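Per-entry structural report
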Amino acid sequence: MTTTLPPAANPFDDPASDPLALAAEAAAVIAERSGAATHDIALVLGSGWGQTADLVGQTLATIPNEDVPGFHRAAVAGHSGAMRSVAIGDTGRRALVFGTRTHFYEGRGVRAVVHGVRTAAATGCRAIVLTNGCGGLREEWAPGTPVLIRDHLNLTATSPLEGATFVDLTDLYSARLRAIAKEVDPGLDEGVYAQFRGPQYETPAEVQMAKRLGADLVGMSTTLEAIAARHVGLEILGVSLVTNLAAGISPTALSHEEVLEAGQAAAARCGRLLAEVVGRI
Ligand code: 8IG
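Residues numbered from 1 in each chain as written. Predicted model: local features only at pLDDT ≥ 70, side-chain atom pairs only at ≥ 80, totals over all residues. Heavy atoms only, no water.

**Overview of the site of the ligand**
- In the vicinity of the ligand, the contacting residues are G133, C134, G135, Y201, E202, V218, G219, M220, T243, N244, L254 and V259.
- G135 places a main-chain nitrogen or oxygen 3.5 Å from a nitrogen atom of the ligand.
- Taking 320 Å² as the accessible area of the ligand by itself, protein coverage stands at 96%.
- Looking at the shell around the ligand, the elements with two or more residues in it are β5 (127–136), β8 (217–219) and β9 (235–245).
- Top contributing element to the shell around the ligand by residue count: β5, with three residues. (Near = heavy atom within 4 Å. Polar contact = N/O pair within 3.5 Å; in protein donor to acceptor, adjacent residues only side chain to side chain. Areas by Shrake-Rupley, 256 points an atom, 1.4 Å probe, with all protein chains shown as cover. Helix = DSSP H or I, 4+ residues; strand = E, 2+ residues; numbered from the N terminus.)

Structure, rendered in structure tokens:
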């Protein structure tokens, strides 16, 4: 008689499990379901970016997250719990578009947070575009303004790297890819992104702290993913959509509705940016 154990709630929980092996398993499922042996560029769509996926190119396959090892449904309203294989123009190349990400504040651990990045590398991707919705510290950035990430402050006090993995983070956010983005949209500014743990937004005092530390943008994602992406050799473009002014910078309180509205308003500019950039990478 055979007994089948229920699947572990979190496949990353066992410290002896190999996250890169799980990423390779996920990549194999994506290859099978998408009909593409390899993908070329990955995109992670953060808050406010969901509507841009259709502008990137024709969707050739949609795969629910829960069908792919190590992935799970979206935890945030307005995020799509699926990944898509998208044609990049008529180049024959494919983009792997993640409609959502796992946030550190979900408590699934850092391995789960960076599983998408590692899976993207395992599918053959050479570059990744990490997008997010965030709070802006500069008053001139009205809600709905996309900003290129030039560098980051990882304020999570953790890392996706385990063991003596000394990775250089100079030029983590590729100057080459930022230049391509500015060719497409010359009005783009750049800034330093600070990742807080969340899920609460910052206090006004924490926003002032971040400002004094050199931050221009505050959010709850991206830096851990960027570190993992560098580790597996991906070239990285980071783009933040300022969906709200950070706490205390504007006199009004923060709401998730505001975030979704800013995304709607900026969808055309952001979608065109991603589509053009992906075509030129
Ligand atoms: I959308 O103001 C979004 N995400 N930490 N602060 C932080 N994360 C965010 C914010 C914000 N807006």
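Next, the rest of the story.
**With respect to the pattern of salt bridges**
- Counted by the stated rule, this structure contains 13 salt bridges.
- Put simply, K182 and E190 hold a salt bridge, and the shortest N to O gap is 2.8 Å.
- Each member of the salt-bridge network shares a partner with another, and the members are D171, R178, K182 and E190. (Salt bridge = Lys/Arg side-chain N within 4 Å of Asp/Glu carboxyl O.)

**Focus: the packing of helix α1 (residues 19–34) against helix α4 (residues 115–122)**
- Following both chains from N to C, one finds α1 and α4 inclined at 60°, their axes separated by 8 Å at the closest point. Considered as vectors, α1 and α4 are oriented oblique to each other. In this structure, α1 meets α4 at a crossing whose hand is right-handed. Here α1 contributes P19, L20, L22, A23, A24, A26, A27 and I30 to the contact with α4, which in turn contributes H115, R118, T119 and A122. (Axes fitted to C-alpha atoms, helices over the stretch in contact; angles between N-to-C directions. Parallel < 35°, antiparallel > 145°, perpendicular 65-115°, else oblique. Left-handed = near helix turned anticlockwise from the far one by under 90°. Contact = heavy atoms within 4.5 Å.)

**Some remarks on a nonpolar patch on the surface**
- Together, L155, M209 and L213 line one region of the surface with nonpolar side chains, adding up to about 250 Å² of accessible area.
- When you line up the elements, M209 lands in helix α6 (residues 204–213). (Patch = residues over 30% accessible without salt bridge, like charges linked within 9 Å, V, L, I, M, F, W, Y side chains within 5 Å.)

**Here's the deal with the pairing of β9**
- Burial within β9 is extensive, with ten of its eleven residues counted as buried.
- Pairing geometry for β5 and β9, over ten bridges, is parallel. Across the sheet, residue T131 finds its bridge partner in β9, namely V239.
- By the bridge criterion, four bridges tie strand β6 (residues 145–154) to β9 in an arrangement that is antiparallel. Each residue of the ladder has a partner; that of T145, found in β9, is V242. (Buried < 20%, exposed > 50% of the residue type's maximum accessible area, 1.4 Å probe, protein only. Pairing = 2+ DSSP bridges.)

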